[in-house]
Amino acid sequence: MSRVIVVTSGKGGVGKTTTSAAFSAGLASKGYKTAVIDFDVGLRNLDLIMGVERRVVYDFVNVINGEATLRQALIKDKRVDNLYILPASQTRDKDALTEEGVENVINDLKDDGFDYIICDSPAGIEKGAFMALYFADEAIIVTNPEVSSVRDSDRILGILQSKSRAAEEGNVVKEHLVITRYSPERVDSGDMISLDDIVEILSVPLLGVIPESGSVLQASNSGIPVIMDKESRAGQAYMDIVGRFLGEKIEHRFLDVEKQGFFKKLFG
Amino acid sequence: MTLTQSVLELKGEMLMLNVLRLYDINIENIESALQLKRDEAPMFFIQSPIVIDCSNLGEQGKLLDLRALRRILVKMDFVPVGLRGIADGMRAAALAAGWNILRTPARPPSKDKKVLAKEKKSSIAKSDIESEKVADNPVEPVTIQKSNMTIERPIRSGQQVYAENADLIVLSQTSAGSEIMADGSIHVYGPLRGRVLAGVKGDTTARIFCRSLEAELIVIAGCYQLLDESDTNLQGKPAMIYLDQDKLIIEPLI
């Protein structure tokens, strides 16, 4: 049974695309056939972060418009088996996404035997975000530990549970919370909202916490999903998230202020 | 759901609307009384829509200076929406003074009325006179047939829930930026964080019950209170709110 999972947040710049890239690469590395679709038509980023920018020939909108087949547009990842990327168009806008077109693409992916279809949502609550969540069975809500991000996530959760197809049919979209850019030091100093408070406010089950880490930026700049960086804390945290999503019992980590040793201070 | 490109969207929406019920036609008296009310929560009233209900004025409503009334409302930052319940002879004066005239809410239309409405459409010339007559009918108190509406999932920011003719029971939380409304009472078993309006159709016996009072705005039968402006020490605690002679009372819930 294929599952459609939307990665969404409401607010921009919180790490949706980073999470989509890492999560899909993680699922694929565990042996699941995974497709990740970039819904951010006009501002495509996913292909950059996945390092396939220069391999894009056809895109999502081409497939919707029947100008290319799904097979032509899907880009197979060279590092991870089972991972396929459907890039967004850079030259179109979100109106190119039609309900029927998106549904056809998702159904074709299901027929092709994909286990997971990850929909990388654009920011906002406009058409692109709406199309990304409309067909979802499950949702990963990405939030930063700050008030506006948490509030926007709350808003998108409301839309998810009232406007998605599952909601229209009287079902519930399964929710998962991922908190990114978490810095225990700044929580301690009161600059950031604590983990407990975020979970309290949103009342969504916590899937995982990604610590603030320079390796995330490094990885996206070099086009490698951060989850492939086994050394980095962010990469390990994403791997934990994939494990938990698949039902493994994994303790949450990187939640407390780390005691820094001399070498750590020197070499970070 | 419509996803096709369209020119516009027309939909019903619940809107917080203040109704100013007049008992006096003396414009000075109205102004000073309204000023007092407004000064209790000036921020709340800025650019808030207001409807003037003249049904208690009867025939003497004709003597009311409608231009002056509009002026003072605008001066106090209200947005005058229209008049309702006006007497027979007021109509021309009201239109001349730039007022809209609203229907007086009647009971939900029965089947017969729908048929009537269809007939009205056929004779446009007649319809004006007839709708005026409807407006003049004294409003009978609405009988609220109570049942209840139960919501199991959280009510999120931007969501609005209205339990019409019913009590509302929320088993989870309501978020900041949400709005829950009921014609009857409201019970919230998670934290109550958004706006909460009980007794929307004027039931002054409606109450609000919650396990953790963190609401932004509390309203019962049109009497409102911003929680941050209230002197209650029950923020974040279990509380019951009820109306005692136009005053909202917040009591601990044991």
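If you're wondering where the values come from, they're calculated on a predicted model, not measured in any experiment. (Residues numbered from 1 in each chain as written. Chains lettered and ligands numbered in written order. Predicted model: local features only at pLDDT ≥ 70, side-chain atom pairs only at ≥ 80, totals over all residues. Heavy atoms only, no water.)

Q: Break down the packing of helix α1 (residues 27-40) of chain B against helix α3 (residues 66-75) of chain B for me, citing the residues and quoting the values.
A: Residues and elements named next belong to chain B. Their axes nearest at 10 Å, the elements α1 and α3 cross at an angle of 15 degrees. Between α1 and α3, the angle falls in the class roughly parallel. The crossing of α1 and α3 is right-handed. Counted together, Ile27, Ile30, Glu31 and Leu34 of α1 and Ala68, Leu69, Ile72, Leu73 and Lys75 of α3 form the full contact between these two elements. Tallied by class, the residues present in the contact of α1 with α3 amount to seven nonpolar, no polar and two charged. (Axes fitted to C-alpha atoms, helices over the stretch in contact; angles between N-to-C directions. Helix = DSSP H or I, 4+ residues; strand = E, 2+ residues; numbered from the N terminus. Parallel < 35°, antiparallel > 145°, perpendicular 65-115°, else oblique. Left-handed = near helix turned anticlockwise from the far one by under 90°. Contact = heavy atoms within 4.5 Å. Nonpolar A, V, L, I, M, F, W, Y, C, P; charged D, E, K, R; others polar.)

Q: Quick one: what's the story with the side chain of Asp47 of chain A, residue by residue and with numbers?
A: Residues and elements named next belong to chain A. Along the polypeptide, Asp47 turns up in helix α2 (residues 46-49). For Asp47, a relative accessible area of 0% corresponds to the buried category. Within polar-contact distance, the side chain of Asp47 engages the side chain of Arg44 at 2.8 Å. Filtering out sequence-adjacent residues up to four positions away, Asp47 remains in contact with Asp38, Val52, Glu53, Val56 and Pro87. (Buried < 20%, exposed > 50% of the residue type's maximum accessible area, 1.4 Å probe, protein only. Polar contact = N/O pair within 3.5 Å; in protein donor to acceptor, adjacent residues only side chain to side chain.)

Q: Could you give an account of the side chain of Arg44 of chain A, with specific residues and numbers?
A: Residues and elements named next belong to chain A. Considering the arrangement of structural elements, one finds Arg44 in the loop between β2 (34-38) and α2. The class of Arg44 is buried, set by a relative accessible area of 17%. Not counting chain neighbours up to four residues away, the residues in contact with Arg44 comprise Asp38, Glu53, Val56, Ala88, Ser89 and Gln90.

Q: Go over the interface of chain A and chain B with me, naming the residues and quoting the values.
A: Of the residues lining the interface, 21 residues belong to chain A; the matching set on chain B comes to 14 residues. In total, chain A and chain B occlude about 1400 Å² of area from one another, counting both sides; carbon and sulfur atoms represent 46% of this. Between Asp154 of chain A and Arg156 of chain B there is a salt bridge whose closest N-O contact spans 3.0 Å. There are ten residue pairs in polar contact (both at pLDDT 80 or more) connecting chain A and chain B. Every element with two or more residues in the side of chain A that touches chain B is listed here: α6 (127-134), α7 (147-163) and α10 (195-202) of chain A. At seven residues, α7 of chain A tops the list of elements feeding residues into the side of chain A that touches chain B. Its residues assigned to classes, the side of chain A that touches chain B shows eight nonpolar, four polar and nine charged. (Buried area = accessible area lost by both parts, 1.4 Å probe. Salt bridge = Lys/Arg side-chain N within 4 Å of Asp/Glu carboxyl O.)

Q: Provide a residue-level description of the packing of aromatic side chains, including the pertinent values.
A: Summed over all chains, the structure comprises seven aromatic pairs over all chains. Arranged with centres 4.9 Å apart and planes meeting at 80 degrees, the rings of Tyr134 of chain A and Phe135 of chain A form a pair that is edge-to-face. For the pair shown, Tyr134 of chain A and Phe135 of chain A are each scored as buried. Members of the aromatic cluster, connected to one another through ring pairs, are Phe23, Tyr32, Tyr116 and Phe245 of chain A. We note Lys33 of chain A situated over the ring of Phe114 of chain A; from NZ or CZ to the ring centre the distance is 4.5 Å. The positively charged end of Arg207 of chain B is found above the aromatic ring belonging to Tyr242 of chain B, 4.5 Å away from the centroid. (Phe/Tyr/Trp six-rings, centres within 6.5 Å; stacked < 30°, edge-to-face > 60°. Lys NZ or Arg CZ within 6 Å of the ring centre and 35° of its normal.)

Q: Give me the lowdown on the pattern of salt bridges, citing residues and values where you can.
A: Scanning the entire structure with this criterion turns up 27 salt bridges over all chains. Asp40 of chain A is the salt-bridge partner of Lys94 of chain A, the closest N and O atoms lying 2.7 Å from each other. Of the two residues, Lys94 of chain A sits in the loop between β4 (83-86) and α5 (99-111) while Asp40 of chain A sits in the loop between β2 and α2, which places them 54 residues apart along the sequence. Under the relative-accessibility criterion, Lys94 of chain A is labelled partly exposed at 21%. Within this structure, Asp154 and Glu175 of chain A together with Arg153 and Arg156 of chain B form a network of salt bridges that share partners.

Q: Go over the packing of α6 of chain A against α7 of chain A with me, naming the residues and quoting the values.
A: Residues and elements named next belong to chain A. Where α6 contacts α7, the two axes come as close as 10 Å, and the packing angle between them is 55 degrees. Taken together, the axes of α6 and α7 are oblique relative to one another. Along this stretch, α6 crosses α7, giving a crossing that reads as right-handed. Facing Phe130, Leu133 and Tyr134 of α6, the residues of α7 in contact are Ile156, Ile159, Leu160 and Lys163. Here the residues of the contact of α6 with α7 sort into six nonpolar, no polar and one charged.

Q: Which residues make up unusual backbone geometry, and what values go with them?
A: Residue and element names in this part refer to chain A. With phi around 40 degrees, Ser203 is a residue other than glycine that occupies positive phi space. Note on placement: Ser203 falls in the loop between α10 and β8 (206-211). Given the relative accessible area of 34%, Ser203 is considered partly exposed.

Read these as layout, nothing more, since geometry by itself doesn't imply function.
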